[in-house]
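# Breakdown of the fold
Now for the letters of each chain:
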Amino acid sequence: MRNTKFRIVTLVVLLGLLLVGWAASEKDLAAQTATFDCANVTEIPKAECEALVALYESTDGDNWWDNTNTGWLVTNMPCRWYGVTCKDGNVTKLDLSFNQLSGPIPPEIGNLTVLTELSLSFNQLSGPVPPEIGNLTVLTELSLSHNQLSGPIPPEIGNLTALERLNLNNNQLSGRI
């Protein structure tokens, strides 16, 4: 009888621990899948914040090489996130080269309209260069080399009249500029 009580108590304790562990796992999963809220960001326009979030989500940001202690989707200060440079309340430079970005460049990148430098080279970006890149009319440097980008070079790149440096090599892009 005493041995049976011990087994029942042990079983109840183990079930309790399992339930606590399951609840903690559910909480962690909910925290991981929660969407970052750009409404809480005040240092850059909401559209720019949403473009950065879209880039993170589209390019597997959780697995970037430099994603630990970088602030991405953790703090509400995007100007302090790794690779992001701001000036006068706008994102002006984005350099995430050599960072294992994987996936497509999202069309929201075109909402970073004050961006002067965009460097996403030496990653595993794939798919087409979005035509919205043509919205970055003050861009002086565009570096997308050494990825797996494919398809035609969007004619909207012709809108980048301030462009001084363009690096698209080592991709599977086609067409004229």
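Right, let's walk through the structure included here.

Cut-offs applied
- Residues numbered from 1 in each chain as written.
- Predicted model: local features only at pLDDT ≥ 70, side-chain atom pairs only at ≥ 80, totals over all residues.
- Heavy atoms only, no water.
- Helix = DSSP H or I, 4+ residues; strand = E, 2+ residues; numbered from the N terminus.
- Expected span 1.5 Å × (residues − 1).
- Buried < 20%, exposed > 50% of the residue type's maximum accessible area, 1.4 Å probe, protein only.
- Contact = heavy atoms within 4.5 Å.
- Disulfide = S-S within 2.5 Å.
- Pairing = 2+ DSSP bridges.
- Axes fitted to C-alpha atoms, helices over the stretch in contact; angles between N-to-C directions.
- Phe/Tyr/Trp six-rings, centres within 6.5 Å; stacked < 30°, edge-to-face > 60°.

With that settled, consider helix H2 (residues 46–58). Counting along an α-helix, one turn takes 3.6 residues, and residues three or four places apart therefore face a common direction. A rise of 1.5 Å per residue sets the reference length of H2, with its 13 residues, at 18 Å; its end C-alpha atoms lie 18 Å apart and thus fit the reference within 8%. For H2, every residue scored as buried is listed here: Glu48, Cys49, Ala51, Leu52, Val53, Ala54, Leu55 and Tyr56. Structurally, H2 contributes buried residues whose contacts are with strand E1 (84–87) and strand E2 (90–95). Of the residues one or two after H2, Asp60 is the one with positive phi, at around 60°.

Moving on: the state of the cysteines. Applying the stated criterion across every chain, the model contains two disulfides. Disulfide pairing is shown between Cys38 and Cys49; the S-S distance is 2.1 Å. For the disulfide bridge between Cys38 and Cys49, the dihedral angle about the S-S bond is near -75°, and by the sign convention the bridge is left-handed. You can see Cys38 sitting in the loop between helix H1 (2–33) and H2 and its partner Cys49 sitting in helix H2, a full 11 residues away along the chain. Each member of the pair, Cys38 as well as Cys49, is classed as buried. One disulfide bridge connects Cys79 with Cys86, the sulfur atoms lying 2.1 Å from each other. Between Cys79 and Cys86 the disulfide shows an S-S torsion of about -95°. By sign, it is left-handed. According to the relative accessible area criterion, Cys86 is partly exposed, its value standing at 23%. In the protein, the cysteines engaged in disulfides, taken in order along the sequence, are linked 1-2, 3-4.

Let us now look at the sheet that holds E2. Strand order across the open sheet formed by five strands is E1-E2-E4-E6-E8, with mixed pairing between neighbours. Each having just a single partner strand, E1 and strand E8 (165–167) make up the two edges of the open sheet. The sheet shows a mean angle of 20° between the axes of neighbouring strands, taken without regard to direction. Across four bridges, E1 lies against E2 in antiparallel orientation. When the bridges of E2 are listed, Lys87 appears paired with Asn90.

Bringing the pairing of strand E7 (residues 148–152) into the picture now. Here strand E5 (residues 124–127) pairs with E7 via two bridges, running parallel. By the bridge assignment, Ser126 is partnered in E7 with Gln148. Taken together, the three bridges between E7 and strand E9 (residues 172–174) define a ladder with parallel strand orientation. Counterpart to Pro152 in the pairing with E9 is Ser174.

Let us look at the packing of aromatic side chains. What characterises a pair of aromatic rings is the spacing of the ring centres plus the angle enclosed by the ring planes. All chains considered together, the criterion is met by six aromatic pairs. Judged by centre distance (5.8 Å) and plane angle (15°), the rings of Tyr56 and Trp72 are stacked. Pair noted here: Tyr56 is in helix H2 and Trp72 is in the loop between H2 and E1, with a separation of 16 residues, a long-range link. Note on Tyr56: relative accessible area 8%, which makes it buried. Here the aromatic rings of Trp64 and Trp72 are separated by 5.0 Å at their centres, their planes lie at 80°, and the arrangement is edge-to-face. Given the relative accessible area of 3%, Trp64 is considered buried. Residue class for Trp72 comes out buried when judged on its relative accessible area of 3%. These aromatic residues form a ring-pair network of at least three members: Phe36, Tyr56, Trp64, Trp72 and Trp81.

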